[in-house]
Amino acid sequence: MTSSVPPFPPVPGPDPRIDLHAHSTASDGTLSPAELVRAAARAGLDVVAITDHDTTAGWAPAATALPPGLTLLRGAELSCRWYGTQPSIALHLLAYLFDPESPELVGELARIRLAREIRAERIVESLRADGIDVDWSDIQARAAGGTVGRPHIAQALIRAGLVGSTSEAFEPRWLGWRYRAPKEDLDVFHAIRLVREAGGVPVFAHPRASRRGPVVPDALIAEMAAAGLFGLEADHEDHSPDERAQVRRLAAELGLVVTGSSDFHGEHKTVRLGAFTTSVSAYERIVAEASGVPLISVAG
Ligand code: AMP
Ligand code: FE
Ligand code: FE
Ligand code: ZN
């Protein structure tokens, strides 16, 4: 039986493993939400967060399939942008345990998902204009109603035999630069406010992941902290050891919680569930701060 649990569920095991960032087929992962929670249990995790891009569609099927002993933390990764510089800079905000029916947030998520469809179709059109045989309706059908992202286009390039991997598809001559199109994201300060208003807890995902594009300055992170940001994801595969240390230092300076997570995407990336983890104390601070929805666990 699935049940909601109060703020401080016992974290089982002597060395709890907490992974606060994972994607399913509700966005650009390759495991369904049900497969994701089963894989998380098999990987020995005690807590997994489902954080699909701009959607909560995976929450219910993940909860239904939740294996005993695993705690599900419901979240999302919001496509945000800092418009205070030219050109603006894209950034990802993890939002944990927010009310999925908070009207303004729901409206913004729907708007971003639509913007993603429009952008993906534009990218496909520019590929086709160069004689590259990728098909928008096929890509859309394979995304199966989940949030469309560039990894779905990357898969089409792989199927067409043009690239060997998702990361190759993100090289500058493909999606990284040549075939890029902007999408309308959510202003990051607006996002922090909406997440907080929905009882959620905002954490800045991979703040130093420079291989994805320009990153924001520390001064902006300080402004985000003043606006209600709660944490920084330090341990992430896209951060070097030095960058992880920098993020930790900044978090300490600003009084922010530090997290670590795999950002698992199934076959779309090589990283495994639990490759990076979050401390129990950081996890407990996030859970205590949240008031939108509870954790979910199943009595074993
Ligand atoms: P989008 O959300 O459509 O802007 O696409 C960004 C997504 O593509 C990220 O969430 C990752 O899943 C993936 N991604 C971004 N950069 C890379 C990369 N260099 N290699 C592999 N996947 C990437
Ligand atoms: Fe992704
Ligand atoms: Fe991200
Ligand atoms: Zn992610």
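Preceding this section is the structure that the text describes.
Below is a summary of the structure that appears in this document. Please read these numbers as outputs of a predicted model, since none were measured by experiment.

## So, the coordination of the iron ion (ligand 2)
- Only Asp-28 (OD), His-53 (NE2) and His-265 (NE2) from the protein reach the iron ion (ligand 2) as donors, at distances of 2.1 to 2.2 Å.
- Mapped onto the polypeptide sequence, the residues donating to the iron ion (ligand 2) form the spacing pattern D-x24-H-x211-H.
- A separation of 5.5 Å is found between the iron ion (ligand 2) and the iron ion (ligand 3). Of this pair, Asp-28 sits in the loop between β2 (18-19) and α1 (33-42) while His-53 sits in strand β3 (residues 47-53), and the two are 25 residues apart along the sequence.

## Things to note about the coordination of the iron ion (ligand 3)
- Protein ligation of the iron ion (ligand 3) involves Glu-77 (OE), His-92 (ND1) and His-206 (NE2), the donor distances falling in the range 2.0 to 2.2 Å.
- Between the donor residues of the iron ion (ligand 3), the gaps in sequence give the motif E-x14-H-x113-H.

## Looking at the site of ligand 1
- Among the 15 residues in the neighbourhood of ligand 1, the closest are listed as His-53, Arg-116, Arg-119, Arg-150 and His-265.
- The contact in question runs from an oxygen atom of ligand 1 to an N or O atom on the side chain of Arg-116, over 2.9 Å.
- Residue Arg-119 places a side-chain N or O atom 2.3 Å away from an oxygen atom belonging to ligand 1.
- Burial of ligand 1 by the surrounding chains reaches 93%, relative to a free accessible area of 500 Å².
- The set of elements that each furnish at least two residues to the shell around ligand 1 consists of α3 (103-129), α5 (150-159) and α6 (166-169).

## Considering the environment of Pro-207
- By the element assignment, Pro-207 lies in the loop between β7 (201-204) and α9 (218-226).
- Residue class for Pro-207 comes out buried when judged on its relative accessible area of 3%.
- Separated by 114 residues in the primary sequence, Pro-207 and Leu-93 place their C-alpha atoms 9.2 Å from one another.
- Excluding residues within four positions of it along the chain, Pro-207 makes contact with Val-215, Ile-221, Glu-233, His-239 and Val-247.

## Describing the pattern of salt bridges
- A complete count under the given rule lists 19 salt bridges for this structure.
- Between Arg-173 and Glu-171 there is a salt bridge, with the nearest N and O atoms lying 3.8 Å from each other.
- Glu-171 sits in the partly exposed class, given a relative accessible area of 34%.
- Salt-bridge contacts for Asp-218 lead to Arg-208; the nearest nitrogen and oxygen are separated by 2.4 Å. Here Asp-218, found in helix α9, pairs with Arg-208, found in the loop between β7 and α9; they are 10 residues apart in sequence, far enough to count as distant.
- Since its relative accessible area comes to 35%, Asp-218 is described here as partly exposed.

## A closer look at the environment of Gly-131
- Mapped onto the fold, Gly-131 is located in the loop between α3 and α4 (136-143).
- Along the sequence, Gly-131 and Gly-44 sit 87 residues apart, while their C-alpha atoms lie 46 Å from each other.

## What about the packing of helix α8 (residues 188-197) against α9?
- Across the interface, α8 lies against α9 with an axial gap of 10 Å and an inter-helix angle of 30 degrees. In terms of orientation, α8 lies roughly parallel with respect to α9. Viewed along their axes, α8 and α9 form a crossing whose handedness is right-handed. Residues Val-188, Phe-189 and Ile-192 of α8 touch α9, and the partners they reach there are Leu-220, Glu-223 and Met-224.
- Its residues assigned to classes, the contact of α8 with α9 comprises 5 nonpolar, no polar and 1 charged.

## Overview of unusual backbone geometry
- Omega for the bond connecting Gln-86 with Pro-87 falls within 30 degrees of zero, at -10 degrees, which places this linkage in the cis form.
- Looking at where Pro-87 falls in the secondary structure, it is placed in the loop between β4 (71-82) and β5 (89-96).
- The phi dihedral of Asp-54 falls on the positive side, at around 55 degrees, and the residue is not glycine.
- A positive phi angle is found at Leu-97, which is not glycine, with a value near 55 degrees.
- The exposure class assigned to Leu-97 is buried, which follows from its relative accessible area of 1%.

Quick notes on the rules
Residues numbered from 1 in each chain as written. Chains lettered and ligands numbered in written order. Predicted model: local features only at pLDDT ≥ 70, side-chain atom pairs only at ≥ 80, totals over all residues. Heavy atoms only, no water. Donors = N, O, S within 2.8 Å, 3.2 Å for Na, K, Ca; no water. Helix = DSSP H or I, 4+ residues; strand = E, 2+ residues; numbered from the N terminus. Near = heavy atom within 4 Å. Polar contact = N/O pair within 3.5 Å; in protein donor to acceptor, adjacent residues only side chain to side chain. Areas by Shrake-Rupley, 256 points an atom, 1.4 Å probe, with all protein chains shown as cover. Buried < 20%, exposed > 50% of the residue type's maximum accessible area, 1.4 Å probe, protein only. Contact = heavy atoms within 4.5 Å. Salt bridge = Lys/Arg side-chain N within 4 Å of Asp/Glu carboxyl O. Axes fitted to C-alpha atoms, helices over the stretch in contact; angles between N-to-C directions. Parallel < 35°, antiparallel > 145°, perpendicular 65-115°, else oblique. Left-handed = near helix turned anticlockwise from the far one by under 90°. Nonpolar A, V, L, I, M, F, W, Y, C, P; charged D, E, K, R; others polar.

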